[in-house]
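# Close look at the chain arrangement
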Amino acid sequence: MSTALPPHVLAYAPDGHPLRRAGDQVTLRRPMRRAGDGAASRHSVSLVVPARNEARNIPWVFEQIPRCVDEVILVDGSSVDATVPMARHCLPTVRSVEQSGPGKGNALRTGFAAATGEYVVMMDADGSMWPGEIPHFLHFLDHGFDFVKGSRCIAGGGSLDLTRIRSLGNRALLAVVNRLYDAGLTDLCYGYCAFRRSFLDALDLRSTGFEIEAEMIAHALCSGLRIAEVPSLELPRRSGRSHLHAVSDGRRVLRTLISERPGARSSAAASTGER
């Protein structure tokens, strides 16, 4: 399911390329919050942001958070830079929590457990996801959907950072999830999502690494949650290096999709009982 992105998602240079550097805002307009952001949802909203050594990216991300977000939870992964002080400087009301173990999955589960909002939104701290898209996710939650995920592959979405290897891997894994789960998703390996916190138990999250994003989708599908996809534009990381390892993380995602497929657990349990 798709909706059109607003025309101000990014500021563009005269050559048509999106602005990406610190001085870009001097001559051309920056992404703007819309006047109605504060009333975008009838429900309280928690934004969970896992971060590890993202001090240089936090200011841009936090500056773009719309007013419809009631609570921002920064999950710190033992950063050795000024990630936490920078977050507090940019947003004094931020809640900072330490993740209890290594991995993005652990960080997200820690943040979800700390969230108090009726809706939970998850996004990265590297600047690759624009917080100004959050009202689009909340719109679908407000209109009956239980789980909303961003898609780079539907009209209005896209990626300025998708390498050929990542693109091929995403297509292959997408084919797997659609086949095994009888789904019609357009994107899989993209962690910009929102869901009703009341369904956190149904999502039954256990993964510790990047595969948690696939686990969320798999469990949402198996649980019969109403899922919507909204267009999202993936931006290049603003600074620093990605913590993603395409091949090894792709294998973990594949194992997760296969092990969590419908009927897999009952078959495993029956096999164990026969022994």
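Everything below is about the structure printed above this text.
This text gives an overview of the structure that appears in the document. What you are looking at is a predicted structure, and each value in this text was computed from that prediction instead of being measured.

Our next topic: unusual backbone geometry. We note that D182 has phi near 50°; this positive angle belongs to a residue other than glycine. Relative to the helices and strands, D182 resides in the loop between α5 (164-180) and β7 (193-196). One non-glycine residue, D204, adopts positive backbone phi at about 45°. Considering the arrangement of structural elements, one finds D204 in the loop between α6 (200-203) and α7 (212-222).

With that settled, consider the sheet that holds strand β5 (residues 147-151). In any sheet, the strands associate via hydrogen bonds between backbone groups, in a parallel or an antiparallel arrangement. Strands sit in the order β3-β2-β1-β4-β7-β5-β8 across an open sheet of 7 strands; the sheet is mixed. Of all strands in the sheet, those with a lone pairing partner are β3 (95-98) and β8 (227-231), marking the two edges. Taken pair by pair, the neighbouring strands of this sheet meet at an average axis angle of 20°, ignoring direction. As judged from the 4 bridges shared by strand β2 (residues 71-76) and β3, these two strands associate in the parallel manner.

Our focus in this paragraph is the packing of aromatic side chains. Under the definition given, this model contains 5 aromatic pairs. Ring centres 6.5 Å apart and planes at 70° place the aromatic pair Y190 and Y192 in the edge-to-face group. Comparing Y190 with Y192 shows no difference in burial state: the two are buried. Taken together, the aromatic side chains of F112, F147 and F195 make up a single cluster linked through ring pairs.

Burial analysis of β2 places 6 of its 6 residues in the buried class, the great majority of the element. Here β2 shows two buried faces, one formed by E71, I73 and V75 and the other by V72, L74 and D76. With 6 bridges joining them, strand β1 (residues 45-51) and β2 adopt parallel strand pairing. Paired with V48 across the two strands is I73, which belongs to β2. Crossover β1 to β2 through helix α1 (residues 58-63) is right-handed. Chirality of the crossover, the property in question, places the unit of β2, helix α2 (residues 83-90) and β3 among those that are right-handed.

So, how was this worked out
- Residues numbered from 1 in each chain as written.
- Predicted model: local features only at pLDDT ≥ 70, side-chain atom pairs only at ≥ 80, totals over all residues.
- Heavy atoms only, no water.
- Helix = DSSP H or I, 4+ residues; strand = E, 2+ residues; numbered from the N terminus.
- Pairing = 2+ DSSP bridges.
- Axes fitted to C-alpha atoms, helices over the stretch in contact; angles between N-to-C directions.
- Phe/Tyr/Trp six-rings, centres within 6.5 Å; stacked < 30°, edge-to-face > 60°.
- Buried < 20%, exposed > 50% of the residue type's maximum accessible area, 1.4 Å probe, protein only.
- Right-handed = clockwise from strand over helix to strand, strands pointing away.

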